[in-house]
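Single-letter residue listing:
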Amino acid sequence: MIMECKKCKRPLTKGTKYKTCENCRGKKAQGIKDAGKALLAAGGTLALFVVTKGKFNPKGK
Ligand SMILES: [Zn+2]
């Protein structure tokens with residue numbers, strides 16, 4: 001019996017322990033990478049915001 005990918009119904013590699021094909025798992029991994037990039041970008045923006053605020057508002061306290 002050939003296992004099929006749960007998402008795209010493509011035949012899975014024999015003996016694979018995954019329920020989705022490499023293609024679908026690759027997309028998922030890419031999504032995690034993108035999320036990491038977005039998180040880094042958000043962190044960078046926050047750092048920039050803090051620095052900029054410090055420059056524009058030296059009398060903060
Ligand atoms: Zn698939």
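Residues numbered from 1 in each chain as written. Predicted model: local features only at pLDDT ≥ 70, side-chain atom pairs only at ≥ 80, totals over all residues.

A. Layout of the overall build of the protein chain. Counting its secondary structure elements, the protein chain contains one helix and zero strands. Burial statistics for the protein chain: of 61 residues in total, 2% are counted as buried. (Helix = DSSP H or I, 4+ residues; strand = E, 2+ residues; numbered from the N terminus. Buried ≥ 20, exposed ≤ 12 C-beta atoms within 10 Å, placed from the backbone.)

B. Up close: the environment of K19. Mapped onto the elements of the fold, K19 is located in the segment before α1 (22-56). On the neighbour-count criterion, K19 (13 C-beta atoms within 10 Å) is partly exposed.

C. The environment of G15, seen in detail. Tracing the backbone through its elements, the reader meets G15 in the segment before α1. For the pair formed by G15 and M3, sequence separation is twelve residues and the distance between their alpha carbons is 9.1 Å.

D. A look at the environment of C8. With respect to the helices, strands and loops of the structure, C8 is situated in the segment before α1. For the pair C8 and C21, spaced 13 residues apart in sequence, the C-alpha separation works out to 7.9 Å.

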